[in-house]
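Structural overview
Read off the chains here:
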Amino acid sequence: MPVYFECQRCTACCRWPGQVCLDDGEIARMASFRQITEHDFIQRYTRLRQDRRGLALAEKANGECIFLEGNDCAVQPVKPQQCRDFPNRWNFPGFEQTCRALPRLVGEEEYQRLVAQATGRHGQSKGA
Ligand code: SF4
Ligand code: SF4
């Protein structure tokens, strides 16, 4: 049976080092949500990825994501896919030591439903 990780909104994944990669659609959605132009969004909230082949969300001086406000995400309804996908669609060895998501053993159908709900992705099998 698959294990679904239920996010507890601890915000650790919004604070640890790394980069949230963005595509054009995500930039357009977040700019629209913030009611600013894409150009302004890029200027204010993004930086070059480490490999300089695209954009990532900017960080605050303390390393937190620029959109972390207290314990909330300021772009929650339109947050990037990378954020939605963690930890069920991608994670890394030992992530459970920091991420507080609760592992739940669920049936295949329930797993599909929960992952689709969390990630906004539909009709894809586990790990695809
Ligand atoms: S965009 Fe939101 S969910 Fe993603 S890292 Fe930033 S604060 Fe966290
Ligand atoms: S995915 Fe994990 S680290 Fe991120 S907010 Fe949820 S419980 Fe915390």
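As a further point, take the overall build of the protein. When helices and strands are tallied, the protein shows four helices and seven strands. Overall, the protein shows an N-to-C arrangement of helices and strands of β-β-α-α-β-β-β-β-α-β-α. Going through the 128 residues of the protein one by one, you find that 16% of them count as buried. Sequence separation of 24 or more characterises 68% of the internal contacts of the protein that already satisfy a separation of 6 or more.

Around ligand 1 sit Cys 14, Val 20, Leu 57, Cys 65, Phe 67, Leu 68, Cys 73, Val 75, Lys 79, Pro 80 and Cys 83, and that is every residue in its neighbourhood. The residue inventory of the shell around ligand 1, partitioned by class, reads ten nonpolar, no polar and one charged.

Sheet strands line up and pair through hydrogen bonds in the backbone, either parallel or antiparallel. The sheet built from three strands is open, its strands ordered S2-S4-S3 with antiparallel pairing. Of all the strands in the sheet, just strand S2 (21-22) and strand S3 (46-48) have a single pairing partner and so form its edges.

The subject of this paragraph is the nonpolar core. Soluble globular proteins: nonpolar side chains tend toward being buried together. Ranked by internal contacts, the top residues of the largest apolar core, which has 13 residues, are Val 20, Leu 22, Leu 57, Cys 65 and Phe 67. For this core, the secondary-structure elements that each account for two or more residues are helix H2 (38-45) and strand S4 (55-57). Once residues within four sequence positions are removed from consideration, Leu 57 is found in contact with Val 20, Leu 22, Tyr 45, Thr 46, Cys 65, Ile 66 and Phe 67.

Turning to unusual backbone geometry, a few remarks are in order. The omega torsion of the bond from Phe 86 to Pro 87 falls at 0 degrees, within 30 degrees of zero and hence cis. Summarising the element assignment, Pro 87 is placed in the loop between helix H3 (81-85) and strand S7 (102-105). Not every positive phi belongs to a glycine, and Gln 35 is a case in point at roughly 60 degrees. The topology assignment puts Gln 35 in the loop between helix H1 (24-34) and H2.

Our next topic: the packing of H1 against H2. Put simply, H1 and H2 touch, their axes get as near as 9 Å, and they point 95 degrees apart. Here H1 lies roughly perpendicular to H2, going by the angle between them. Packed against H1, whose contacting residues are Ile 27, Ala 28, Met 30, Ala 31 and Arg 34, the element H2 presents Glu 38, Phe 41 and Ile 42 at the interface. A per-class count over the contact of H1 with H2 returns six nonpolar, no polar and two charged.

Time to look at the environment of Asn 71. Relative to the helices and strands, Asn 71 resides in the loop between strand S5 (68-69) and strand S6 (72-73). Along the backbone, Asn 71 and Cys 10 are 61 residues apart, and their C-alpha atoms lie at a distance of 7.4 Å. Non-local contacts of Asn 71, meaning those with residues more than four positions away in its chain, are made with Arg 9 and Thr 11.

On to the environment of Arg 89. Of note, Arg 89 is situated in the loop between H3 and S7. Residues Arg 89 and Ala 118, 29 residues apart in the sequence, show an inter-C-alpha distance of 9.9 Å. Excluding residues that lie within four positions of it along the chain, Arg 89 makes contacts with Val 115 and Thr 119.

Basis of the calculations
Numbering of residues starts from 1 in each chain and follows the order in which that chain's sequence is written. Chains and ligands are labelled sequentially in the order written, the chains with letters from A and the ligands with numbers from 1. Owing to the predicted nature of the model, reporting of local features is limited to residues with pLDDT of at least 70; listing and counting of side-chain atom pairs is limited to 80 or more, with chain, interface and lining totals taken over all residues. Strands here are runs of E lasting at least two residues and helices are runs of H or I lasting at least four, both read from the DSSP assignment and numbered beginning at the N terminus. To sort residues by exposure, count the other C-beta atoms lying within 10 Å of each residue's C-beta; 20 or more gives buried, 12 or fewer gives exposed, and values between give partly exposed, all with C-beta atoms placed from the backbone. Placing C-beta atoms from the backbone, we regard two residues as in contact once those atoms come within 7 Å. Using a C-beta atom placed from the backbone, a residue is scored as near a molecule or strand whenever that atom is within 6 Å of it. Note that Gly is not counted as nonpolar here; it falls among the polar residues with everything else outside the nonpolar set of Ala, Val, Leu, Ile, Met, Phe, Trp, Tyr, Cys and Pro and the charged set of Asp, Glu, Lys and Arg. Should DSSP find at least two bridges between two strands, the strands are regarded as paired. Linking buried Ala, Val, Leu, Ile, Met, Phe, Trp, Tyr and Cys residues through C-beta atoms within 7 Å yields a set, and such a set is a nonpolar core. Angles shown run from 0 to 180 degrees and are taken between the N-to-C directions of axes, each axis being a line fitted to C-alpha atoms and, for helices, limited to the stretch in contact. Small angles under 35 degrees read as roughly parallel and large ones over 145 as roughly antiparallel, with 65 to 115 read as roughly perpendicular and the rest as oblique.

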